Amino acid sequence: MPEQPFEQDRAIAGTGMGGAMDLAASEAQTLERTPGGPLGTGPAAKPRSLWSDAWRDLRRNPVFLVSALVILFLVVISLWPSLIASGSPLKCDLAKAQEGSQPGAPFGYDGQGCNVYTRTVYGARTSVTVGVCATVGVALLGSVLGGLAGFFGGIWDSVLSRITDVFFAIPVVLGGLVLLSVVTSNTVWPVIGFMVLLGWPQISRIARGSVITARQNDYVQAARALGASNSRILLRHIAPNAVAPVIVVATIALGTYIALEATLSYLGVGLKPPSVSWGIDISAASPYIRNAPHALLWPSGALALTVLAFIMLGDAVRDALDPKLR
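As a starting point, this report considers the structure included with it. Within every chain, residues take consecutive numbers counted from 1 along the sequence as written. At least 70 in pLDDT is required for a residue's local features to be given in this predicted model, at least 80 for side-chain atom pairs to be given and counted, and no such filter applies to totals for whole chains, interfaces and linings, which use all residues. Excluding hydrogens and water, the side-chain figures rest on all heavy atoms present in the structure.

**Observations concerning the state of the cysteines**
Disulfides are defined as cysteine sulfur pairs within 2.5 Å. Summed over the entire model, instances satisfying the criterion amount to one disulfide. Note that cysteine 92 is cross-linked by a disulfide to cysteine 114, the S-S spacing being 1.7 Å. Handedness here is read from the sign of the S-S torsion; for cysteine 92 and cysteine 114, about 80°, the answer is right-handed. Of this pair, cysteine 92 sits in the loop between α3 (62–79) and α4 (116–152) while cysteine 114 sits in the loop between α3 and α4; the two residues are 22 residues apart in sequence, bridging distant segments of the chain. Burial classes: relative accessible area under 20% of the type maximum marks a residue as buried, over 50% as exposed, and values in between as partly exposed (1.4 Å probe, protein chains only). With relative accessibility at 37%, the residue cysteine 92 sits in the partly exposed group. Here a strand is any run of E in DSSP of at least two residues, a helix any run of H or I of at least four, and the numbering for each starts at the N terminus.

Spelled out as structure tokens, the structure:
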């Protein structure tokens, strides 16, 4: 049989079911150059990382967008509260005590004659500062200790596990009442230090488990076989692939730390006057709940909205970073 001449403008492409189909040369080149082609395996396709996939999912998640806008607003008023509130939160007038809403004081006045609106706005600075600093401290300390214990194992892992068990046995509120009752400082740093002291075991256990799972992967074994040092394996190969669970837990815990600061301040062992805090305002307004409920409702509502925003943000980040939930 005479050999058929090869047509330059035709190409043969497999159907994937044992057969073949004719394609024009331009179509075949388009199929080849299309990122990923119909199956996502073209040579021009760029593999997406976990972080790029997560960011794509977060941008489409209305829960993330709403919570992120609320948190952005809180951060802005924490840095520049004078943008939406005039006057000093420490300026009070007993002649206006427990008065309701009026021009210049849309939230009314508390039992000491202080502007509830101004104190609510300035209270965001304390809550955001405590929450962010405590979360960063807990994440760093817990990640380092848990990551090293999970990577090296042995006696260090056993010692860390027993230490974390001891800290888990300490009730947080009771520990705060005991430890902070002897502190005379009127700044946020003792409260932040207490949260870091009792909060790192949770992050440590999460980081330890994540590192143990990551170190068993083939790419880690290949890097070790090629002579990579422990520090390079831990920092370049394990840490980027084990940090996602830590970020999720830390994001959710941030709202918890804000609520914890308000609880300790309400009990009188956290921040103390003349510091401005939602917990202090809630505690001061509690005796006047019948005569001036507005003095209690506004700082309580701001606290609840802030905690809810951070918890919703953490849930959205968890859904985006956990492949099992997709």
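**What to know about helix α11 (residues 278–285)**
Summarising burial for α11: six of the eight residues are buried, a large majority. When α11 is considered as a whole, its buried residues turn out to be Trp278, Gly279, Ile280, Asp281, Ile282 and Ala285. By the convention used here, residues are in contact when the closest approach between their heavy atoms is within 4.5 Å. At its buried positions, α11 is contacted by α4, α10 (244–267) and α12 (294–321). Any pair of N or O atoms that falls within 3.5 Å is considered a polar contact. Within protein, one atom must be able to donate a hydrogen and the other to accept it, and sequence-neighbouring residues count only if both atoms are side-chain atoms. Capping of α11 at its N-terminal end is provided by serine 277; its side-chain oxygen lies 3.2 Å from the backbone amide nitrogen of glycine 279.

**A closer look at α3**
Residues spaced three or four apart along an α-helix point in a common direction, a consequence of the helix completing one turn every 3.6 residues. Expected helix span is taken as 1.5 Å per residue step, with the number of steps being one fewer than the number of residues. Taking 1.5 Å as the rise per residue, α3 with 18 residues should run 26 Å; its terminal C-alpha atoms sit 26 Å apart, in good agreement. Inspection of α3 places Phe64, Ser67, Ile71, Leu74, Ile77 and Ser78 among the buried residues, and these make up the whole buried set. You can read the cap of α3 off the contacts: a side-chain oxygen lies 3.0 Å from the backbone nitrogen of valine 63, and it is on asparagine 61.

**Some words on a nonpolar patch on the surface**
Patch rule: a residue counts if its relative accessible area is over 30% and it has no salt bridge; like charges are joined within 9 Å, and nonpolar side chains (Val, Leu, Ile, Met, Phe, Trp, Tyr) within 5 Å. Residue burial considers only the protein chains on display, and all accessible areas are found by Shrake-Rupley using a 1.4 Å probe. Salt bridge, as used here: a side-chain nitrogen of Lys or Arg that lies within 4 Å of a carboxyl oxygen of Asp or Glu. Taken together, Val172, Val173, Leu174, Leu177, Val178, Leu179, Leu197, Tyr266 and Leu267 make up a surface patch of nonpolar side chains, about 720 Å² in accessible area. Those elements giving two or more residues to the nonpolar patch turn out to be α6 (172–180) and α10. Here the nonpolar patch takes six residues from α6, the largest share from any one element. Position of leucine 177 relative to the elements: it lies in helix α6.

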